[in-house]
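The residues making up each chain are set out below.
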Amino acid sequence: MSEIQKKSTARAPFNNPDHDIVLRSVDGVDFHNFKLILSLVSPIFKDMFTLPQHESEPAVPVIPVAEHSTILYPLLLLSYPASGADPTFGTIDDARAVVEAAQKYEMDAILYRIGDLIVAHFLLARPLDVYAISCLTGWKHHARTAASRSLEIEGLVRPNSGFAASGMGAINASDYQRLLTYHYECGIAAQAVGKALEWLPSTPEISGMQMWGCIGCGRVAIGRRAIQIASFGKWTVTPWFEEYLDASGKELAARPCERTLLESASYNRAIAKARECLFCRIVVVHHHLHTFRTFYIAEVRKAIEKVELAP
Ligand SMILES: [Zn+2]
């Protein structure tokens, strides 16, 4: 306890001996600062400094604040001129506390920089938390970026998907619903891409592909549907390719992102199945499927980009 209450001075640049104000964090760390700097960045501090000073007060006033030094340091660093490197946040909860402090002191000018830093630090590992903070703070573009990244979370729309367990406590029901709707609609849009392949380029390379050109397995057309291929018309495809389209479509519905297609087990399964056909086996099927997948990924990306996160 005595350790916590023992006062210390913050590290540079908040140890400047020429300071004219001290902010004392709740854990007893004194941050040397300048009234002018704090006044420029925060109307709350500006108002505070215009209050008349009591005779009994020390020459350099000490203002106790409610924030911990781990929160105060990045907050003040962002508002300090020529402070050098951007601050880092220990955890997403620290980042959220810095946002709340910036809002409390009405430091609007640095709030956006905090948002950029949060995205840079936490988007890959904690997209749901970044989404929650962005919604709370009104950062629409960051919310959209985080929602897009959250598409890589498989089955987000299912109950018990781990959404609530991710530590994102403060999200309201409508923001939560918006994210689930977005994920679901992206899944529908991505799955639809493989239902008709009219988006393939109408080139000789495409028309000559084994998936719809096999004179062996591709000719067994009974009970199988024909699919639109580029502008060539509806062609019957090989069973292994049809299976690939169905399987990858279901995977995309649960996890609508490019990585799903790159990591899909159904891709290797399709190649293995193709090798069971005497005719498909002698063609470089993996090259054809690889080329197809490149177009497939691009089209899925386009389909997802058209889906809007509700405002
Ligand atoms: Zn075949």
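Since we're looking at a predicted model, the values are computed, not measured. (Residues numbered from 1 in each chain as written. Predicted model: local features only at pLDDT ≥ 70, side-chain atom pairs only at ≥ 80, totals over all residues. Heavy atoms only, no water.)

1. A word on the coordination of the zinc ion
Argument step 1. The zinc ion binds to the protein through Cys214 (SG), Cys217 (SG), Cys277 (SG) and Cys280 (SG); the donor distances cover 2.2 to 2.3 Å.
Argument step 2. Considering all four donor atoms around the zinc ion, the spread of angles at the metal, 105 to 116°, places the coordination shape in the tetrahedral class.
Argument step 3. Each donor residue of the zinc ion lies on the same chain, and together they follow the pattern C-x2-C-x59-C-x2-C. Taken together, the positions of cysteine 217 in the loop between α10 (204-207) and β5 (226-229) and cysteine 277 in the loop between α13 (265-274) and α14 (278-282) put the pair 60 residues apart, joining distant regions of the chain. Here the two residues cysteine 217 and cysteine 277 agree in accessibility, since each one is buried. (Donors = N, O, S within 2.8 Å, 3.2 Å for Na, K, Ca; no water. Tetrahedral: all angles 85-135°; square planar, octahedral: opposite > 155°, others 65-115°. Helix = DSSP H or I, 4+ residues; strand = E, 2+ residues; numbered from the N terminus. Buried < 20%, exposed > 50% of the residue type's maximum accessible area, 1.4 Å probe, protein only.)

2. Here we look at the sheet that holds strand β1 (residues 8-9)
Argument step 1. Spatially, four strands are ordered β1-β3-β2-β4 in an open sheet, and the strand pairing comes out mixed. If you trace the sheet from one side to the other, it starts and ends with β1 and β4 (62-64), each paired once.
Argument step 2. Along the sheet, helix α4 (residues 69-78) makes contact with β2 (21-24) and β3 (29-33), crossing β3 at roughly 15°. (Pairing = 2+ DSSP bridges. Contact = heavy atoms within 4.5 Å. Axes fitted to C-alpha atoms, helices over the stretch in contact; angles between N-to-C directions.)

3. Quick word on the pairing of β5
Argument step 1. Residues Ile227 and Ile229 point to one face of β5 and are all buried, whereas Ala226 and Gln228, pointing to the other face, are not buried.
Argument step 2. Across four bridges, β5 lies against strand β6 (residues 233-236) in antiparallel orientation. Following the sheet pairing, isoleucine 229 is matched in β6 by glycine 233.

4. Comments concerning the domain arrangement of the protein chain
Argument step 1. Parsing the protein chain into structural domains produces domain 1 (1-89) and domain 2 (193-305).
Argument step 2. Distance between the C-alpha centres of domain 1 and domain 2: 62 Å. (Domains from an automatic or database assignment.)

5. Remarks on the packing of helix α11 (residues 239-254) against helix α15 (residues 285-305)
Argument step 1. Running from N to C, α11 and α15 point in directions that differ by 35°, and their axes come no closer than 13 Å. The interaxial crossing formed by α11 with α15 has right-handed handedness. For the pair formed by α11 and α15, the contact residues are Trp240, Phe241, Tyr244, Leu245, Ser248, Gly249 and Leu252 on the first element and Val285, Leu289, Phe292, Arg293, Tyr296 and Val300 on the second.
Argument step 2. Considered class by class, the residues forming the contact of α11 with α15 number 10 nonpolar, two polar and one charged. (Left-handed = near helix turned anticlockwise from the far one by under 90°. Nonpolar A, V, L, I, M, F, W, Y, C, P; charged D, E, K, R; others polar.)

6. Considerations on the nonpolar core
Argument step 1. Ile118, Trp212, Phe241 and Phe292 are the most contacted members of the largest nonpolar core, which has 93 residues in total.
Argument step 2. Here this core gets eight residues from one element, more than from any other, and that element is α15.
Argument step 3. A domain-level breakdown of this core finds at least three residues from each of domain 1 (1-89) and domain 2 (193-305).
Argument step 4. Those residues within four positions of isoleucine 118 in sequence are excluded, and the remaining contacts are Phe89, Ile92, Ala95, Val99, Leu123, Val130, Ile133 and Trp139. (Core = buried A, V, L, I, M, F, W, Y, C linked by side-chain atoms within 4.5 Å.)

7. Side note on the environment of lysine 35
Argument step 1. Mapped onto the secondary structure, lysine 35 falls in helix α2 (residues 35-41).
Argument step 2. Residues lysine 35 and arginine 144, spaced 109 residues apart in sequence, show a C-alpha to C-alpha distance of 37 Å.

8. Things to note about empty space enclosed by the protein
The rolling of a water-molecule-sized probe over the atoms marks out the regions of remaining empty space.
Argument step 1. All told, the structure shown has one cavity of 30 Å³ or more when counted by the stated rule.
Argument step 2. Taken as a whole, the largest cavity encloses approximately 40 Å³ of empty space.
Argument step 3. Only α11 and α13 provide two or more residues apiece to the lining of the largest cavity.
Argument step 4. It is α13 that provides the largest number of residues to the lining of the largest cavity, a total of four residues. (1 Å grid on protein atoms, 1.4 Å probe; cavity = no way out; pocket = protein on both sides within 12 Å on 5 of 7 lines; lining within 4 Å. Points joined across faces, edges and corners; volume = space filled by probe spheres on them.)

9. Concerning the packing of aromatic side chains
Argument step 1. Scanning the model with the defined rule gives 17 aromatic pairs in all.
Argument step 2. Here the aromatic rings of phenylalanine 45 and phenylalanine 49 are separated by 6.0 Å at their centres, their planes lie at 20°, and the arrangement is stacked. Residue phenylalanine 45 and its partner phenylalanine 49 are both found in helix α3 (residues 43-50); the two are separated by four residues, about one turn of the helix. The pair phenylalanine 45 / phenylalanine 49 is uniform in exposure class, with both members buried.
Argument step 3. An angle of 80° between the planes, with centres 5.6 Å apart, marks the rings of tryptophan 212 and phenylalanine 241 as edge-to-face. (Phe/Tyr/Trp six-rings, centres within 6.5 Å; stacked < 30°, edge-to-face > 60°.)

10. A word on a nonpolar patch on the surface
Argument step 1. The grouping of Ile215, Leu278 and Phe279 at the surface amounts to a nonpolar patch, some 300 Å² of accessible area in total.
Argument step 2. Within the secondary structure layout, phenylalanine 279 lies in helix α14. (Patch = residues over 30% accessible without salt bridge, like charges linked within 9 Å, V, L, I, M, F, W, Y side chains within 5 Å. Areas by Shrake-Rupley, 256 points an atom, 1.4 Å probe, with all protein chains shown as cover. Salt bridge = Lys/Arg side-chain N within 4 Å of Asp/Glu carboxyl O.)

11. A short note on unusual backbone geometry
Argument step 1. Of the consecutive residues alanine 12 and proline 13, the connecting peptide bond is found in the cis state with omega at 5°.
Argument step 2. If you trace the backbone, proline 13 turns up in the loop between β1 and β2.
Argument step 3. In the Ramachandran plot, glutamate 106 falls in the positive-phi region, its phi being about 55° despite a non-glycine side chain.
Argument step 4. Position of glutamate 106 relative to the elements: it lies in the loop between α5 (92-104) and α6 (108-122).
Argument step 5. Classification of glutamate 106 as partly exposed rests on a relative accessible area of 38%.
Argument step 6. Phi angles above zero are rare outside glycine, and alanine 230 is one such case at about 45°.
Argument step 7. Structurally, alanine 230 is set in the loop between β5 and β6.

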